[in-house]
Amino acid sequence: MEKITRVYADYAATTPLSADVYREMIDCLNKNYGNSASLYKEGREADAALEEARVKIANAIGASPSEIYFTSGGSEANNWAIKGIARANRSKGNHIITSAIEHHSVIESCKALEKEGFEVTYIPVDSKGVIDYTALVKAIKPETVLISIMSANNEVGTIEPIRAISELAKMNDIAFHTDAVQAIGAIPFDVHEMNITAMSLTAHKIYGPKGIGALYLKKGTKIERMIDGGSQEKGLRAGTSNVCGAVGFGVAITNAVRDLEENNKKLKNIRKYFLKEVSDKIHNVSLNGHPTQRLLGNVNLSFEGVEGEAVLMMLDNLGVSVSTGSACASGSLEPSHVLVAMGLEPEIAQSSIRFTFGKDTTNEEIDFVVNALHKAVKKVRSVSAVRIYKNKVEL
Ligand SMILES: Cc1ncc(COP(=O)(O)O)c(C=O)c1O
């Protein structure tokens, strides 16, 4: 067996292209260079490839092809769904409900709407990252036009009760949008059966290419367009279509849905093995997120007495790629809004590291990661100013 020298453990940030996505995209790039809006042969062929991809995406989530709109990714889909639905329904009301743990593309879209006079309620979450359903029920008022709650969180992997939320939205005649960027391929979706009004997707988290995503929009949903220009995407999203990106996305989402159970089974074992190895070798570690209602590829851990960024950099040197729960904002480390919303103390939030594994991660790679992690945490703790461990937490 080849000696392991580096392990990528940040699959929630992005994934490599799968071999068949790569093959189909290369084939498309060679053959389908036409502009899908052109009327001649090259254009028609490119358009046929685009439409075939649209069918694949629709099939993967139980939608009709006419309800799928290509975008540049998840951020654009979130911006469009939230701003577009809110603005189009302004005459009905100016209130939006979202959660405190959404992706920045959702939170910042809501903040932008606040500047336009919309009122936004940010629903809190419990210590496991599950949104407070009672608070959500209470937040609904006659002016509410949109509820946007993510299907699964990107930092801690908690899966939100979106079936119950979509029911509630339907009962109150409110549009329901969900950011399913992290959930697709991990939990099954049937958007019609689940009463979802709008859903954001992206290809690069499921072994597809970067720069292509989609917004599912239930037939008849009122939405303003975000990009003015040509008549692509039924006049709702202008711009020359990313045909080969869409082709890659179509293959990636078909695989993701087909292999959902098999991948979840593999990831469950990987996660269990990783947690066991970490708890055997490293003390004062706590696990963030929900223990069972969760994405199986995600393990978010806090290591008391360290700064996550310091461990991240040391892990990089030792050949392991991970993320932290903090972001560098104006020279200081800001703890993640997700971990703070879950009630973690700032120094515990700042000591958190997100490990996310993929469908091909092996036990040997886990051994490599844990070995590097053991070294990195020990080293950072030995030089850290924070030496008092409050409690020993078992995983
Ligand atoms: C939950 C969630 N939503 C949206 C996005 C943004 O997707 P994209 O990178 O395609 O813009 C991400 C990516 O990190 C994400 O994790």
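Just so you know, these numbers come straight off a predicted model, no measurement behind them. (Residues numbered from 1 in each chain as written. Predicted model: local features only at pLDDT ≥ 70, side-chain atom pairs only at ≥ 80, totals over all residues.)

### Things to note about the overall build of the chain
Filter applied, for reference: Here a strand is any run of E in DSSP of at least two residues, a helix any run of H or I of at least four, and the numbering for each starts at the N terminus. Each radius of gyration reported is based on C-alpha atoms, and the globular scaling rule is 2.2 Å times the count of residues to the power 0.38. Buried means a residue has 20 or more other C-beta atoms within 10 Å of its own C-beta, exposed means 12 or fewer, and partly exposed covers the counts in between; C-beta atoms are placed from the backbone.
Counting its regular elements, the chain contains 12 helices and 15 strands. Radius of gyration (C-alpha) of the chain: 22 Å, near the 21 Å computed for a compact globule of 395 residues. Once the C-alpha set of the chain is aligned to its principal axes, its extents read approximately 65 × 55 × 40 Å. Looking at the 395 residues of the chain, the share that counts as buried comes to 50%.

### What to know about the environment of Glu108
Relative to the assigned elements, Glu108 resides in helix 4 (residues 104–115). C-alpha of Glu108 to C-alpha of Ala60: the two residues are 48 residues apart in sequence and 29 Å apart in space.

### Here's the deal with the packing of helix 9 (residues 308–318) against helix 12 (residues 363–383)
Stated precisely, the cut-off is as follows: Lines fitted to C-alpha atoms define the axes here, with helix axes fitted over just the stretch in contact, and angles between the N-to-C directions of these axes take values from 0 to 180 degrees. Angles below 35 degrees are treated as roughly parallel, those above 145 as roughly antiparallel, those between 65 and 115 as roughly perpendicular, and all remaining angles as oblique. By convention, the crossing between two helices is left-handed when the near helix turns anticlockwise from the far helix through less than a right angle, and right-handed when the turn is clockwise. Here contacts are defined at the residue level, using C-beta atoms placed from the backbone and a cut-off of 7 Å between them. Side-chain classes follow a simple rule in which Ala, Val, Leu, Ile, Met, Phe, Trp, Tyr, Cys and Pro form the nonpolar group, Asp, Glu, Lys and Arg form the charged group, and the remainder, Gly included, forms the polar group.
Between helix 9 and helix 12, the shortest axis-to-axis distance is 9 Å and the interhelical angle comes to 135°. Taken together, the axes of helix 9 and helix 12 lie oblique to each other. The handedness of the crossing between helix 9 and helix 12 is right-handed. Packed against helix 9, whose contacting residues are Ala310, Val311, Met314, Leu315 and Leu318, the element helix 12 presents Ala372, Leu373, Lys375, Ala376, Val377, Lys379 and Val380 at the interface. Taken together, the residues of the contact of helix 9 with helix 12 sort by class into 10 nonpolar, no polar and two charged.

### What about the site of the ligand?
Here is the rule we go by: We call a residue near a molecule or strand when the C-beta position, derived from backbone atoms, sits within 6 Å of it.
In the region of the ligand, 13 residues are neighbours, and Gly73, Gly74, Ser75, Asn154 and Thr202 sit closest. Top contributing element to the shell around the ligand by residue count: helix 3 (residues 74–88), with three residues. Residues of the shell around the ligand, tallied by class, amount to two nonpolar, 10 polar and one charged.

### Structural notes on the domain arrangement of the chain
Our working rule: Where each domain starts and ends follows an automatic or database-derived domain assignment.
When cut into domains, the chain gives domain 1 (19–258) and domain 2 (261–383). Look at where the C-alpha atoms of domain 1 and domain 2 centre, and you get two points 28 Å apart. With 18 residues of domain 1 at the contact, the number on the domain 2 side is 18 residues. Taken together, the residues of the side of domain 1 that touches domain 2 break down into nine nonpolar, seven polar and two charged.

### Here's the deal with the sheet that holds strand 12 (residues 323–324)
The cut-off we apply is this: Strand pairing is assigned whenever DSSP identifies at least 2 bridges connecting the two strands.
If you trace the four strands from one edge of the open sheet to the other, you get 9-10-15-12, paired in antiparallel fashion. What marks the edges here is a single partner per strand, and that holds for strand 9 (285–288) and strand 12. Note that strand 9 and strand 10 (residues 298–303) share four bridges and pair antiparallel. Directly across from Val285, in strand 10, lies its bridge partner Phe303. Relative to strand 10, helix 8 (residues 260–281) is tilted by about 15°, and along the sheet it contacts strand 9, strand 10 and strand 15 (352–356).

### Considerations on unusual backbone geometry
With phi around 55°, Asn195 is a residue other than glycine that occupies positive phi space. Examined against the element boundaries, Asn195 turns out to sit in the loop between strand 6 (175–179) and strand 7 (198–202).

### A look at the sheet that holds strand 3 (residues 95–99)
One open sheet accounts for seven strands, arranged 2-8-7-6-5-3-4; its pairing is mixed. Where the open sheet ends on each side, the last strands, each with one partner, are strand 2 (68–71) and strand 4 (119–123). Looking at each pair of strands side by side, their axes are set apart by 20° on average, direction ignored. Relative to strand 4, strand 3 runs parallel, the two sharing five bridges. Within strand 4, the residue paired with Thr98 across the bridge is Tyr122.

### Things to note about helix 4
Just so we agree on the cut-off: Here the expected span of a helix is defined as 1.5 Å times the quantity of residues minus one. Starting at the helix axis, one direction is taken to each C-beta atom, and the arc is that of these directions.
Compared with an ideal rise of 1.5 Å per residue, which puts 12 residues at 16 Å, helix 4 spans 16 Å between its outermost C-alpha atoms and is within 8% of the ideal. Every buried residue of helix 4 is listed here: Val106, Ile107, Ser109, Cys110 and Leu113. With its buried residues spanning 160° around the axis, helix 4 presents them on a single face. The exposed set on the far side of helix 4, more than 90 degrees from its buried face, consists of Lys111 and Lys115. Just downstream of helix 4 lies Gly117, where phi reads positive at about 100°.

### Quick notes on the nonpolar core
Quick note on the threshold: One nonpolar core equals one set of buried Ala, Val, Leu, Ile, Met, Phe, Trp, Tyr and Cys residues connected by C-beta atoms within 7 Å.
Among the nonpolar cores identified, the biggest contains 85 residues, and Leu146, Ala198, Ala214, Leu215, Tyr216, Val247 and Ala252 are the most heavily contacted of them. With nine residues, the single largest contributor to this core is helix 7 (residues 243–258). The two domains that each donate at least three residues to this core are domain 1 (19–258) and domain 2 (261–383). Counting residues in each nonpolar core, the second largest holds 32 residues, with Ile270, Leu312, Val320 and Phe357 among its members.

### Describing the packing of helix 3 against helix 4
Closest axis-to-axis distance for the helix 3/helix 4 pair is 9 Å, and the angle between their directions is 30°. The angle between helix 3 and helix 4 falls in the class roughly parallel. As for how helix 3 packs across helix 4, the hand of that crossing is right-handed. When helix 3 is examined against helix 4, the residues Gly74, Ser75, Asn78, Asn79, Ile82, Lys83 and Ala86 are found in contact with a partner set consisting of Ser105, Val106, Ser109, Cys110, Ala112 and Leu113.

### A look at helix 12
In this model helix 12 runs 30 Å from its N-terminal to its C-terminal C-alpha over 21 residues, within 8% of the 30 Å that 1.5 Å per residue would give. If you check which residues of helix 12 are buried, you get Glu365, Ile366, Phe368, Val369, Val370, Ala372, Leu373, Ala376, Val377, Val380 and Arg381. Packed against the buried residues of helix 12 are strand 1 (7–8), helix 8, strand 10, helix 9, strand 11 (320–321) and strand 15.

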